[in-house]
Amino acid sequence: MVVLQPQRANGTAYVTAKKDGGIDIAFSLQLNSRMESLVGGKVEELLTSRLQAAGIELHKTKNGKSTEYQFLKSYDSIQDMQNAESLEFVDTEVTTEDKWLYTRYDAAVQPKLNAYSDEIIDGLGTLSVPKSLVRLLMQNLALDFKLTLPYDLYGPNNAVEQDGNTLTWHITMADTEPLRVVVYVPDIRNIAIAGGAVILLLALAVTMFIRKRKSLKPKGFEK
């Protein structure tokens, strides 16, 4: 009996928020020759159909014995991204809490990779190996999800790594735990008001201190 060892794919998804409010989304998935021969055609078909609906072009290149799928999309703002066609790779729930000096965003992101693996497997034709084995192989595919903000604004999260302003999660097709992160976004206007108020109070305190010192200063004797 031939036993196939789980074959892993190196994949990375990047979401980068820029200082001007723009957002870049990049994705790279590398399948080795065995996995490419099993599901590569269906993966390409599924990615292409989903990406075309969002106006994104999929690029496919050969890298030695592996095949790499890549795409890149830039948005002018988060509103622009939300108004675009959804890629439907994740379910996202975001709650906000407005404070005077900042807004707290509590996000839970649930990847739908397992659903896509089922769609890929169900769309496969006759195979030389059982579909149950293909499912096992796909559940071992690994993906790094990286989120980068222009500033270090992160609060509690379940990322496995933080490097500067970048959080990284390691996920597989079989994972069911959502990605969780809290982000604090400062209200620049209110911070400026608060800063101005502090400066005004300090100025008043210094003025009162000087006046008090003058009132306590002994007066000279009159002749």
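Residues numbered from 1 in each chain as written. Predicted model: local features only at pLDDT ≥ 70, side-chain atom pairs only at ≥ 80, totals over all residues. Heavy atoms only, no water.

Mind laying out the confidence of the model for the chain, listing which residues take part and the relevant values?
Of all residues in the chain, 63% have pLDDT values of 70 or greater, and the mean over the chain is 76. Confidence, expressed as mean pLDDT per element, reaches its minimum in the chain at helix α5 (residues 188-216) with 63 and its maximum at strand β9 (residues 161-163) with 93. Contacts for the low-pLDDT stretch residues 1-9, under 50 throughout, to residues beyond four places or in other chains number 20 contacts. (pLDDT = per-residue confidence, 0-100. Helix = DSSP H or I, 4+ residues; strand = E, 2+ residues; numbered from the N terminus. Contact = heavy atoms within 4.5 Å.)

Which residues make up the pattern of salt bridges, and what are the values?
Under the criterion given, the structure shown has 5 salt bridges. Among the salt bridges present, the one from R104 reaches D106, with a minimum N-O distance of 3.6 Å. Salt bridges here are not isolated pairs; linked through shared partners, they connect E36, E44 and K60. (Salt bridge = Lys/Arg side-chain N within 4 Å of Asp/Glu carboxyl O.)

So what's going on with the nonpolar core? Residues and values would help.
Ranked by internal contacts, the top residues of the largest apolar core, which has 34 residues, are Y154, W169 and V181. Contributing elements (two or more residues each) for this core: β1 (10-17), β2 (23-31), α1 (33-53), β4 (66-75), β6 (102-111), β7 (142-148), β10 (166-172) and β11 (179-186). At 6 residues, the largest contribution of residues to this core is made by α1. Setting aside residues up to four positions removed in sequence, W169 forms contacts with L143, D144, F145, L147, N158, A159, V160, L179, R180 and V181. (Core = buried A, V, L, I, M, F, W, Y, C linked by side-chain atoms within 4.5 Å. Buried < 20%, exposed > 50% of the residue type's maximum accessible area, 1.4 Å probe, protein only.)

How would you sum up the packing of aromatic side chains? Please name residues and give values.
Under the criterion given, the structure shown has 2 aromatic pairs. Sitting over the ring of Y75, K73 keeps its end group 5.7 Å from the ring centre. (Phe/Tyr/Trp six-rings, centres within 6.5 Å; stacked < 30°, edge-to-face > 60°. Lys NZ or Arg CZ within 6 Å of the ring centre and 35° of its normal.)

Help me get a handle on a nonpolar patch on the surface, residues and values and all.
Residues V94, Y105 and V185 make up a contiguous nonpolar surface patch of about 220 Å² in total accessible area. Inspection of the secondary structure assignment puts V94 in strand β5 (residues 90-98). (Patch = residues over 30% accessible without salt bridge, like charges linked within 9 Å, V, L, I, M, F, W, Y side chains within 5 Å. Areas by Shrake-Rupley, 256 points an atom, 1.4 Å probe, with all protein chains shown as cover.)

Give me the side chain of S28: which residues, what numbers.
As for its position among the elements, S28 is in strand β2. At 2.6 Å, the side chain of S28 forms a polar contact with the side chain of E68. (Polar contact = N/O pair within 3.5 Å; in protein donor to acceptor, adjacent residues only side chain to side chain.)

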